[in-house]
Amino acid sequence: MTQNATDPLGVGAENSSGTLRAPIAPQMVGHAVLTPSDPVEAGSWQSLALTYTAGPYGIDDSGSLRVCFRFASDQSPPQFNDPAGANYTEITASNGAVLDYRFDPKGNVRPWDNTIYIKVVKGYLLPGDTITLRFGVRDHGGPGMRMQTFCEDSFEFRVLADPLATFNYQPVPDQPQLRLVPGPAARFVATLPTQRRPGQPFSLHLKAEDRWGNPTDRAAGTYRLTADAPVDGLPGTVTFPEGARHVRLDGLTANETVTITLSDDTGAQLARSNPMEIDADATLLPYWADLHGQSEETIGTNSARAYFAFARDLAPVDAIGHQGNDFQITAEFWAHLDSLTEAFEVPGEFLAIPGYEWSGNTGLGGDRNVFFPETGRTIRRSSHALIPDDSDIDTDALTAGDLFEAFAGNGEWDVVCYAHCGGRYADLRVAHDGRFETSVEVHSSWGTFEWLVHDAFDLGFRMGIVGNSDGHKGRPGASYPGAGKFGAIGGLTCLLMEELTRPALFDCLRKRRHYATTGGPTGRPLIDLHVAFDETAQVQDDDPAIGPASGTPGNRALMGQIVHLPKGSATLHARIRAAAPIERVDIFNGRDLVDSIAAHSVPPDSHRIRIEWEGAEYRGRFRQVLWDGTARFSHARIRNLSPVNFFNPDKRLEQVNPHTARWQSLTTGNTAAADIWLDDATTGTLTIDTPLVQKTIELASITEAGTTFDRSATLPRWLRVARLPERMHTATLTLTRAIPLRDSGDNPVYIRLVQEDGTRAWTSPVYIFRDGG
C-alpha cells in the first residue's frame, strides 16, 4: 500500500528526513516507472528496470535519490561489484553524470529501511534526464535478482528524491510497484482440530503451499480423501477450484480419534492431517492462536484486513491478535483495528483480539504485548516517534513500569500483557507487574527464547509460556521465515478453554492455561498435563504473591495453576498425541532438567547419526549464529540425508561425495540438525567443521545421549552428535514421573516436547511451593 498524505488511515505522509512537510510540490519531484510491472512469482529470479525522470527542478550537483524497500522484505540486496553474480545491479544517468551509490539496510525511516542511496557527485540532471537502476542484470551471465519470497499485493519500490541537495527527501507521486504471487504447489497441508467431543461438528482445512510457504492458487484439481476412522460427511474426493488457495469442508462429525489423508489420483499421499482426538469427557478443548504479528500499516506486509483474513482462512487459527508497534499506530489506524476485530470476530468460530505492542526501548522495559477484552480502549504508547499528531501524547507511557501503573490507575484490571523478544527484548528486571503480565513468549519467527522463561523463574515471577509468530510477512499463524533476518518458523499457542469466546480466552490467559509450540504443519500436538499430590494442597489460579488469592483444597493441579503444598510429594502426569513421531520429553523443575524420557530405544549399531546445533549470539537484534559446515566420514558411506528445521530453501543440506555432507544454516536460539544414515555407523571417524565447532570423533563412541560441544557465550550455543533409531514411529506417549521438590522457593514444573522433525512445545508450569506465598 502506498503511503501518502491522503492515506485514509493517516499512517503515511512522511518524508525520509523525519519531517512531515512537503516543501516541494509532488509534480516538481519527478516520477519513476518500473518495467516490466507484471505480477511475478515470489522468490523467483527477475531482471527489472526502474527509471526515475527528473522533474522541473532537475537534480542539483550533490542531490540524491533513495530507492527504499520495507524492513520486512527478504528480497536479496543488490550488489554492484560482480557482473556475473546474483543480484548484480547497474545504476546510470542518461546524461553521463557521475553517480555514487551504495546499499544500506538501515538507510531510511522505518518501515522503508532497506535503501539504495544514489548521489550525483559530478554533474547534474536537467528536467527530463533520467537515472536508471537495472536490477538483476543478466548481460554477463548472472541469474538475476531474487525477489521477496512472500506474497504481497503491492510490492513497492519507494522512490524519494532530493533535487535541491537539501537532504530533505520527498516521495515521487505514483510509487512504482508490482504484485508478488505464489509459485506452484510444493506441498499440501491438512489441518483438523486437535480435540473434539463425540458428534461435535468440525472442519477440515486443506491448502497447497509453494516452496516458500505461501498458500498457492496453482493446485487446481480433484484429490482423494481417506480417513482412518469413520467421519460423517467426509466426501471421497475434494476439488480445488481454479484460483483457490484453500478448501474448507464444514459440518463433519466423528466418534473416534481420526486422521485424514489427502492423496492424488494414483493414491500417492500428498498430506496427512494432525490427529483429532475424540474425548467424551473433555471439559477444556484446545484452540490454536497466534496473537502477535503486524501488517503493512506498521512494519509488516499487506493490509490489516488481509492479515485477519489470512489467519482465519489460510493459517488457519482459532484466534488472532494484531500487535502493531505503538509508535506507528495513529488514532485513525487504532480505530480501524478496532473495527476489524469486530468485523472478523464470530464467537464459536473465530476470535479477533484488540491490542497493540508497547515498543519501548529495552532499557525502559522492552517489548510487551497488550491485549484488551473489548474495543474502544486507550492506546498508551511508548512514544509518538512516527506519529505526526501529538494531541494524545499525554497518554504515552515512557517505561513499562509507567504502562502497568497507568492500567492500574485507570482500573483496567482486565488487561493482559506478555513479555517478548523481537527486535527489542523485554527485560523483566526493569519492570514486571503480575497483575497484568501473565506470560512470556518462548518462541516466534525471531527465534527461541528459553532464557526469557528462565529470567522469570530467577526473578520469582509466576508466568505462563506462549508462542506466536511476531510475523511481519502477512502470514499470521503460518509464518515461514523466508530468506531474510528471521531464523525460525512462527510459533503458536494452544489455549485450553471451555468455549471459543473472548471472555473464555481472557480467562484462559489470566490462568496461564496454555502451552506454546514452534508452529509449522506438525506444530499442533495435544498435551494433557497435570500434577497429582499425595497430600491435600491448596490449588489456586491467582498468584498469592501479588494479591489476595482464593484457593481450593485438592490433590490435582492443571498447567498454569499455583499450588501450596506444605508436605507430601508431587507426581507429574502427561499424555501427548502428536502429528509427528516423538523424539523425547524433557521434564523440568524451573531451570533444572529432572528427566529426559525417550519415546524409542536406540540400538548401539543404529546407522542414523544426528548432528544438531542451537544458539543465539545475544539477546538483542543481531543474534544470528552461523552454522555452515561439513561432516566428513573417514570410512562410512552416506546412504541418505534429511534436514531438520531447514525452512529456507536457499540453505540446504546436500551430499558432496560418498563420505561428505555439507549444509548452510543459521539459528536465532532455535535448533536445526542434519540426519545422516550411513552404511556402517560404527567404524572410522566423523570430522565436523563449522565456524564454532571443529572436532573429530570415533563413530563407535556416538551414543543415544550424544556428545555435546558447548560454545556458549552470553547465551547457549552448542553442537551435539547423537545416535538415533533408523526410524521413529511413536507419536503418542503417556508418562508419569515423581518430581523432587525444593523446600524453599518455587518449583515450576513443566515439560518440553521434542518431535523428530524438530518441532517443540512447552507447557506453562505448575508452580508448587512449600511455605510462604
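Residues numbered from 1 in each chain as written. Predicted model: local features only at pLDDT ≥ 70, side-chain atom pairs only at ≥ 80, totals over all residues. Heavy atoms only, no water.

A. Structural detail: the layout of surface pockets. The volume enclosed by the largest pocket comes to roughly 1,200 Å³. Residue lining of the largest pocket: 50 residues in total, with Pro 521, Thr 522, Ala 579, Ala 580 and Asp 757 positioned closest to the centre. Looking at the lining of the largest pocket, the elements that each hand over two or more residues are β15 (187-191), β23 (269-272), β42 (608-615), β45 (638-644) and β49 (671-678). By residue class, the composition of the lining of the largest pocket is 21 nonpolar, 18 polar and 11 charged. (1 Å grid on protein atoms, 1.4 Å probe; cavity = no way out; pocket = protein on both sides within 12 Å on 5 of 7 lines; lining within 4 Å. Points joined across faces, edges and corners; volume = space filled by probe spheres on them. Helix = DSSP H or I, 4+ residues; strand = E, 2+ residues; numbered from the N terminus. Nonpolar A, V, L, I, M, F, W, Y, C, P; charged D, E, K, R; others polar.)

B. The sheet that holds strand β52 (residues 707-710), seen in detail. Taken together, the five strands give an open sheet; going across it, the order is β45-β49-β42-β53-β52, and neighbouring strands pair in antiparallel fashion. On the outer flanks of this sheet lie β45 and β52, each paired with one strand and no other. Strand-to-strand twist of the sheet, defined as the mean angle between neighbouring strand axes without regard to direction, takes the value 15°. The pairing of β42 with strand β53 (residues 717-724) spans eight bridges and is classified as antiparallel. Bridging from a neighbouring strand, Arg 608 pairs with Leu 724 of β53. (Pairing = 2+ DSSP bridges. Axes fitted to C-alpha atoms, helices over the stretch in contact; angles between N-to-C directions.)

C. Geometry of the pattern of salt bridges. Throughout the structure, instances matching the rule amount to 53 salt bridges. Here Arg 187 makes a salt bridge to Glu 209, at a shortest N to O gap of 2.9 Å. Placement of the pair is Arg 187 in strand β15 and Glu 209 in strand β17 (residues 202-209), with a sequence separation of 22 residues. Note on Arg 187: relative accessible area 29%, which makes it partly exposed. The buried category is assigned to Glu 209, whose relative accessible area is 1%. Asp 455 is paired through a salt bridge with Arg 619; the nearest N and O atoms lie 2.7 Å apart. Here Asp 455, found in helix α5 (residues 450-458), pairs with Arg 619, found in the loop between β42 and β43 (625-626); they are 164 residues apart in sequence, far enough to count as distant. One exposure class covers both Asp 455 and Arg 619, and it is buried. (Salt bridge = Lys/Arg side-chain N within 4 Å of Asp/Glu carboxyl O. Buried < 20%, exposed > 50% of the residue type's maximum accessible area, 1.4 Å probe, protein only.)

D. Spatial organisation of the sheet that holds strand β9 (residues 130-135). Pairing within the open sheet is antiparallel, and its four strands lie in the order β1-β4-β9-β6. Both edges of this open sheet fall to β1 (31-35) and β6 (89-93), since each of them pairs with a single strand only. Strand-to-strand twist across the sheet, computed as the mean angle between neighbouring axes with direction ignored, equals 15°.

E. A look at the nonpolar core. Residues Tyr 356 and Ile 768 are the most contacted members of the largest nonpolar core, which totals 68 residues. Top contributing element to this core by residue count: strand β36 (residues 526-540), with six residues. Core analysis: the second largest hydrophobic core is formed by 34 residues, Ala 32, Leu 50, Leu 99 and Leu 125 among them. (Core = buried A, V, L, I, M, F, W, Y, C linked by side-chain atoms within 4.5 Å.)

F. Looking closely at the packing of helix α2 (residues 304-313) against helix α3 (residues 331-344). For the pair α2 and α3, the least separation of the axes is 10 Å and the interaxial angle reads 30°. Taken together, the axes of α2 and α3 are roughly parallel relative to one another. Judged by the sense of rotation from one axis to the other, the crossing of α2 with α3 is right-handed. Of the residues in α3, those in contact with Ala 304, Arg 305, Phe 308, Ala 309 and Arg 312 of α2 are Phe 333, Leu 337, Leu 340, Thr 341 and Phe 344. Along the lines of polarity and charge, the residues of the contact of α2 with α3 split into seven nonpolar, one polar and two charged. (Parallel < 35°, antiparallel > 145°, perpendicular 65-115°, else oblique. Left-handed = near helix turned anticlockwise from the far one by under 90°. Contact = heavy atoms within 4.5 Å.)

G. The arrangement of α5 in detail. Of all nine residues that make up α5, eight are buried, and the element is covered over most of its length. Among the residues making up α5, those that are buried are Glu 450, Trp 451, Leu 452, Val 453, His 454, Asp 455, Ala 456 and Phe 457. Of the residues trailing α5, Gly 460 is marked for its positive phi of about 80°.

H. Geometry of α3. In a regular helix each residue adds 1.5 Å, so 14 residues correspond to 20 Å; α3 covers 20 Å between its end C-alpha atoms and thus fits that length. For α3, the set of buried residues is Phe 333, Trp 334, Leu 337, Asp 338, Leu 340, Thr 341 and Phe 344. Buried residues of α3 fall within an arc of 160° about the axis and therefore sit on the same side. Next to the buried residues of α3 lie α2, β27 (351-353), β28 (355-358) and α6 (502-510). (Expected span 1.5 Å × (residues − 1). Arc of directions from axis to C-beta.)

I. Quick peek at the confidence of the model for the chain. Averaged over every residue, the pLDDT of the chain is 95; residues scoring 70 or more account for 97%. Below a pLDDT of 50 lies the segment residues 1-20, which in the model reaches 58 contacts outside its immediate sequence neighbourhood of four places, other chains included. (pLDDT = per-residue confidence, 0-100.)

J. Spotlight on the side chain of Asp 586. Turning to its location among the elements, Asp 586 is positioned in strand β40 (residues 582-589). Polar side-chain contacts of Asp 586 include one of 2.7 Å to the side chain of Ser 596. Only 2.7 Å separates the side chain of Asp 586 from the side chain of Arg 752, close enough to count as a polar contact. Setting aside residues up to four positions removed in sequence, Asp 586 forms contacts with Leu 593, Asp 595, Ser 596, Tyr 750, Ile 751, Arg 752 and Val 754. (Polar contact = N/O pair within 3.5 Å; in protein donor to acceptor, adjacent residues only side chain to side chain.)

K. Summary view of the environment of Ala 631. Along the chain, the position of Ala 631 falls in strand β44 (residues 629-633). Ala 631 sits in the buried class, given a relative accessible area of 0%. Each C-alpha atom, one on Ala 631 and one on Cys 68, is 40 Å from the other, the two residues being 563 residues apart in sequence. Setting aside its immediate chain neighbours within four residues, Ala 631 contacts Ile 611, His 659, Thr 660, Ala 661, Trp 663, Ile 676, Leu 686 and Thr 687.

L. Summary view of the environment of Leu 753. Examined against the element boundaries, Leu 753 turns out to sit in strand β55 (residues 746-755). Residues Leu 753 and Pro 525 lie 228 residues apart in sequence; the distance between their C-alpha atoms is 9.2 Å. Here Leu 753 is in contact with Pro 525, Ile 527, Ile 576, Ile 582, Arg 584, Val 585, Thr 759, Arg 760 and Ala 761, once residues within four sequence places are set aside.

M. Structural context of unusual backbone geometry. Cis rather than trans, the peptide bond between Thr 35 and Pro 36 has omega equal to -15°. Within the element layout of this structure, Pro 36 appears in the loop between β1 and β2 (40-41). Note the cis peptide between Arg 110 and Pro 111, where omega equals 10°. Position of Pro 111 relative to the elements: it lies in the loop between β7 (98-104) and β8 (114-122). Within the chain, Ser 62 stands out as a residue other than glycine whose phi angle is a positive 80°. Considering the arrangement of structural elements, one finds Ser 62 in the loop between β4 (48-53) and β5 (64-69). Classification of Ser 62 as partly exposed rests on a relative accessible area of 33%.

N. Empty space enclosed by the protein, seen in detail. This structure, assessed with the given rule, holds five cavities of 30 Å³ or more. A volume near 150 Å³ is recorded for the largest cavity. Along the walls of the largest cavity sit 15 residues, with Val 189, Ala 315, Gly 520, Pro 521 and Arg 524 positioned nearest its centre. For the lining of the largest cavity, the elements supplying multiple residues, two or more each, are β15 and β17. Here the lining of the largest cavity takes three residues from β15, the largest share from any one element. Of the residues that constitute the lining of the largest cavity, the class distribution is eight nonpolar, four polar and three charged.

O. Highlighting the packing of aromatic side chains. Within this structure, the stated rule accounts for 29 aromatic pairs. Ring geometry for Tyr 307 and Phe 308: centres 5.6 Å apart, planes at 85°, overall edge-to-face. Residue classification places Tyr 307 among the buried positions, given a relative accessible area of 2%. On the accessibility criterion, Phe 308 (0% relative accessible area) is buried. Grouped by ring-pair contacts, the aromatic residues Trp 334, Tyr 356, Phe 372, Phe 404, Phe 407, Trp 413 and Phe 436 constitute a single cluster. A cation over a ring is seen here: Arg 66 above Tyr 169, with NZ or CZ 4.1 Å from the ring centre. (Phe/Tyr/Trp six-rings, centres within 6.5 Å; stacked < 30°, edge-to-face > 60°. Lys NZ or Arg CZ within 6 Å of the ring centre and 35° of its normal.)

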